[in-house]
Amino acid sequence: MRERGGRFLSDNTAAACPEIMAALVAANAGTALSYGADDWTRRLDAAFAGFFAHDVRVFPVVTGTAANALGLASIAAPEGAIYAWEGAHIIRVEEGAPEFFSGGARLVPIPGKEAKLTRDDLAAALRAQPPRGASALSLSNVTELGTVYRLAEIAALGEHAHRAGLRVQLDGARLGNAAVFLDCHPADLTWRAGVDVLAFGATKNGALAAEAVVFFDPALAEGFERRRTRGGHLLSKLRYVSAQLLAYLDPGVWRRNARRANALAAQIGASADWALCYPVEANQVFLKLDAAQKQRLRAEGFEFNDWEDSGPDHTRFVVSWDQPDAEVAGLCEALRALPGARPENKESHANAAAD
Ligand SMILES: Cc1ncc(COP(=O)(O)O)c(C=O)c1O
C-alpha cells in the first residue's frame, strides 16, 4: 500500500482479481490436454455463446494487440484496407501488427471528434480511399480517449460499413467498462450493432493475462487456428488462459470490476470538471493541466501520463478495478486544491450521462 499519492498510469498496473486467481489455482491440478484440447478451452464457445446470446467461435490469446491483429487479418485481405479513428490503438501503438498479420492491408486513419467516428466520417474516408479487396472498419469501445460509442452510433457505422462491403471489428480492450456505462447487454454492443469480430479484453479489468478473438459469424473463423499458431499465440498450456476467461464471464467479476473503476473515475472527473478534456464515461479521465499543476500533483505522489497526442497539456488518469478508495479520495482532494482550479469555469463535459 502506498503511503501517499496514487498510481493512475494504466489499468494494466492492476493486480488480477481474486476470482481469476482462484480459477487459476483450480485449473492448476493434474495434467490437462495441451494446445486447447483441455476441458476449459472446450467450454469456451458455449460459455461465450451464453454471454453474448449468439453462436460464436472463441480463440484465447494473451494480448490485446494479438486479438486485434489476428482478428483483423481474418477479415482484411493483403490488398484490402482497415479504416479506423486516427488515434486508434491499432494505428498508433501496435507497430503495424494488423498490416503484418493481414499480409499488407492498409491502415486508413480517419479523423473524428473525441475518438469517435460518425457515419459521415467513414463515408468520406471510403470516398477518398475506396476499399480494394476484403476490408474492415475497426472501432474501439471504450475509445482511446475514454469516451463510449452509443449503441445507435455503432449500429449506424456498422450498417454503413456493411453496405460498403466492409466487415466490422471491435477493439473491446475495455468492453466491460463500456457495457457498464451504457447499462446494456454485451450483445447490444457487438453483434446486434453489426460487429463481426471482437477483440475481447479481460486483462485490464481483472484478469491476469486473458484476451480472446470472438467471431460472431463462424464462417469467418475458418483458418483462424493456423493463423493464431503462426502468430505465436497458441499457448501449449492454454487451460490457464481459458480458465481466466471462464471466471471473468461472471457478472460478479467483470461487471463488478468495471462498475467500480467507472464510478471512481467519475468522482475524479467531478473533482476537476474545470479541466476535463472529454466527458468521463468509463475509467479514464483526461485533464488539461498546466506545468505547475502537474508538478504539484507529481510532488504529492500521484502518477499519471502526459497525453500530448490528444492536445497541449493533456494528461491521462486511468482508474483500475482495484484502485484503493483512499488514492481516489486523495486525488480528488488534490485536484480541488490545485492553484488555478476554476470551479466557476465548468465545461460541459461534467456529469456525462449515458443515452
Ligand atoms: C484500446 C486498446 N486496445 C488494445 C490494447 C491492447 O493491449 P495489449 O496488447 O497491451 O494487451 C490496449 C492496451 O492498452 C488498448 O488500450
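Just so it is clear, the model here is predicted, and its values are computed rather than measured.

### Notes on the packing of helix 3 (residues 44–52) against helix 12 (residues 239–248)
Helix-helix packing is characterised by the crossing angle of the two axes and by the distance between the axes.
Then, number 1: Their axes nearest at 10 Å, the elements helix 3 and helix 12 cross at an angle of 25 degrees. With respect to each other, helix 3 and helix 12 are oriented roughly parallel. Seen along the crossing, helix 3 lies across helix 12 with a hand that is left-handed. Every residue of helix 12 that contacts helix 3 at L44, A47 and F48 is listed here: S242, L245 and L246.

### Concerning the pattern of salt bridges
Then, number 1: Counting across every chain of the model gives 18 salt bridges.
Then, number 2: Ionic pairing is found between K116 and E153, a salt bridge with its closest N-O pair at 3.0 Å. Taken together, the residues K116 in the loop between strand 4 (106–110) and helix 7 (119–128) and E153 in helix 8 (residues 151–163) connect sequence positions 37 residues apart.
Then, number 3: D306 is paired through a salt bridge with R298; the nearest N and O atoms lie 3.3 Å apart.
Then, number 4: Residue R298 is classed as partly exposed on the basis of its relative accessible area of 34%.

### As for the sheet that holds strand 7 (residues 197–201)
Then, number 1: Strands sit in the order 2-8-7-6-5-3-4 across an open sheet of 7 strands; the sheet is mixed. Of all strands in the sheet, those with a lone pairing partner are strand 2 (57–61) and strand 4, marking the two edges. Going from strand to strand, the sheet's axes swing by 20 degrees on average, the running direction of each strand aside.
Then, number 2: The sheet contact formed by strand 2 and strand 8 (residues 211–215) spans 5 bridges and is antiparallel. In the strand pairing of strand 8, P60 is matched with A212.
Then, number 3: Docked against the sheet, helix 3 engages strand 2, strand 7 and strand 8, running at close to 110 degrees with respect to strand 2.

### Focus on the nonpolar core
Burial of nonpolar side chains together is a common tendency in soluble globular proteins.
Then, number 1: Within the largest apolar cluster, 66 residues are counted, with the highest numbers of intra-cluster contacts made by F48, Y83, F200 and V214.
Then, number 2: Here the element with the most residues in this core is helix 9 (residues 175–182); it accounts for 6 residues.
Then, number 3: Residues L297, F302, F304 and L331 belong to the second largest nonpolar core, which totals 24 residues.

### With respect to the side chain of T190
Then, number 1: Looking at where T190 falls in the secondary structure, it is placed in the loop between helix 10 (186–189) and strand 7.
Then, number 2: A polar side-chain atom of T190 sits 2.8 Å from the main-chain carbonyl oxygen of P186.
Then, number 3: Apart from residues no more than four positions distant in its own chain, T190 is found in contact with F52, L170, L175, V195, L198 and F216.

### Describing the packing of aromatic side chains
Then, number 1: A complete count under the given rule lists 18 aromatic pairs for this structure.
Then, number 2: Ring geometry for F51 and F200: centres 5.9 Å apart, planes at 90 degrees, overall edge-to-face. Of this pair, F51 sits in helix 3 while F200 sits in strand 7, placing them 149 residues apart in sequence.
Then, number 3: For F51, a relative accessible area of 11% puts it in the buried group.
Then, number 4: Here F200 falls in the buried class, since its relative accessible area comes to 2%.
Then, number 5: Put simply, the rings of F48, F51, F52, F200, F216, Y248 and W254 pair up and form one aromatic cluster.
Then, number 6: Just above the ring of F304 sits the side chain of R298; from NZ or CZ to the centre is 4.0 Å.

Here is what the cut-offs are and how they apply
Residues numbered from 1 in each chain as written. Predicted model: local features only at pLDDT ≥ 70, side-chain atom pairs only at ≥ 80, totals over all residues. Heavy atoms only, no water. Axes fitted to C-alpha atoms, helices over the stretch in contact; angles between N-to-C directions. Helix = DSSP H or I, 4+ residues; strand = E, 2+ residues; numbered from the N terminus. Parallel < 35°, antiparallel > 145°, perpendicular 65-115°, else oblique. Left-handed = near helix turned anticlockwise from the far one by under 90°. Contact = heavy atoms within 4.5 Å. Salt bridge = Lys/Arg side-chain N within 4 Å of Asp/Glu carboxyl O. Buried < 20%, exposed > 50% of the residue type's maximum accessible area, 1.4 Å probe, protein only. Pairing = 2+ DSSP bridges. Core = buried A, V, L, I, M, F, W, Y, C linked by side-chain atoms within 4.5 Å. Polar contact = N/O pair within 3.5 Å; in protein donor to acceptor, adjacent residues only side chain to side chain. Phe/Tyr/Trp six-rings, centres within 6.5 Å; stacked < 30°, edge-to-face > 60°. Lys NZ or Arg CZ within 6 Å of the ring centre and 35° of its normal.

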